[in-house]
Amino acid sequence: MGNMITRNKIKPEILSPAGDMEKFDFALAYGADAVYLGGESFGLRAKSTNFTLPEIKESVKKAEAAGAKVYVTVNIFAHQEDIKQLPEYLEALAAIKPHGLIISDLGVFALARKYAPDIPIHISTQANSTNSAAVNQWHNLGASRVVLARELSLDEIRDVARHTDCDLEVFAHGAMCMSYSGRCLLSNYLTGRDSNRGACTHPCRWSYSLVESSRPGEYLPVEEDGRGSYIMNSKDLNLLRYLPALTDAGVRSLKIEGRVKSCYYVSVVTKVYREAIDTVFFERERFKERLPGWEAELATVSHRQYTAGFLEGRPKAEGHRYESSGYIRNYDFIGIVKGYDSKGKNLIIEQRNNFKRGDRIEFLTPAAGSESIPMVLGDFYDEAGDLLTAAAHPQMTIYLPYGRSLPEYTILRRKYE
């Protein structure tokens, strides 16, 4: 069975999300070893733009050129109408040859083995694998990886790894579903939209109060708060500080949630986890020293309060946020460096949010280990060369005088004052 010493010599991959091609490009630029994405159907993220078959093909070529991989989600719990459509889709994916299919449903698994037999299969967290017997059974059926249920503690992950030769993946960062590894019927029941087929309306994030049957219309707060309470509103997962332990446990892949998040989120979180896992593997003695800086960087993305989930045992009351389902936003994502005009010594920037002369901004570059570069905005110009005091039009191109080029995919951000 699995050998921890052998496992520990393999650096876990950083697996980043992509809801569209732009996010895919940013994930690669900021250090992802692999990217997971969904097609236009069967992928559990109906709100994401997702990828056409030609785009999946293009993403595979881009990833391979960068030494990375692409995993395609086919992780719905299929109804009969889905089963009728899946063979054609799986055959199309077989021709494209992504590096893995992420699957939850046993029937979909069987169809994938038949219609895309050469593509490795990863068993989704939706399959709720909580023990080595389940992992080994999937492995015996032909799966090459199992994404463990999010309800496992670190000790349980270690124990599963000791008793299997199958690759193990865990979610390390991002939004947490209050239901069992994402299996939920609240959305189906309350809105008619199937959470297990990609159309969840997130009713667990809504505000709730109690109503006593003999006093209709009289709302009783669950907590001592007149606005009601967000009783199922989980905090966001953040396992950054546990990366040394997860590496030692034999985890092969660290997954970042967020196919519907922004390219800024994908970039920052990927960069942090890339640097952190490289430090664990090559300079472990520096991990604690660098941890505060990485944690500060993770605080710059839009997020709920952070939690370690089940890793230290069953979460207590502090694992949920009862006051609000809103996000903490400390920074604005305001632009992207698209190139450099060496003749005029200008950065070419695509605007993503309003900014103006005098703003204090930061450049975040994809370069590994690089820190953000502060700057106070001075003069900048439009494409006609006219001086501007503000960049107010969505995705307008501006020219910013700067003494040197910065890498493509460098991000401009502004801290809330």
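Here is what the cut-offs are and how they apply
Residues numbered from 1 in each chain as written. Predicted model: local features only at pLDDT ≥ 70, side-chain atom pairs only at ≥ 80, totals over all residues. Heavy atoms only, no water. Phe/Tyr/Trp six-rings, centres within 6.5 Å; stacked < 30°, edge-to-face > 60°. Helix = DSSP H or I, 4+ residues; strand = E, 2+ residues; numbered from the N terminus. Buried < 20%, exposed > 50% of the residue type's maximum accessible area, 1.4 Å probe, protein only. Lys NZ or Arg CZ within 6 Å of the ring centre and 35° of its normal. Contact = heavy atoms within 4.5 Å. Polar contact = N/O pair within 3.5 Å; in protein donor to acceptor, adjacent residues only side chain to side chain.

## Some remarks on the packing of aromatic side chains
Using the criterion set out here, one finds 9 aromatic pairs in the structure. On the numbers, 5.0 Å between centres and 75° between planes, the contact of F26 with Y409 is edge-to-face. In this pair, F26 is assigned in helix α2 (residues 21-29) and Y409 in the loop between β21 (397-401) and β22 (411-415), connecting sequence segments 383 residues apart. Judged by its relative accessible area of 2%, F26 is buried. Counting every residue linked through ring pairs, the aromatic cluster contains F26, Y30 and Y409. In this structure, R150 packs its charged tip against the face of F171, placed 3.7 Å from the ring centre.

## Side note on the environment of S370
Residue position: S370 is located in the loop between β16 (360-364) and β17 (373-376). Residue classification places S370 among the partly exposed residues on the basis of a relative accessible area of 21%. On a C-alpha basis, the gap between S370 and E275 in space is 9.7 Å, while along the polypeptide they are 95 residues apart. The residues touching S370, leaving out its near neighbours within four places in the chain, are K271, E275 and T365. Polar side-chain contacts of S370 include one of 2.9 Å to the side chain of K271. A distance of 2.6 Å separates the side chain of S370 from the backbone oxygen of A367, its partner in a polar contact.

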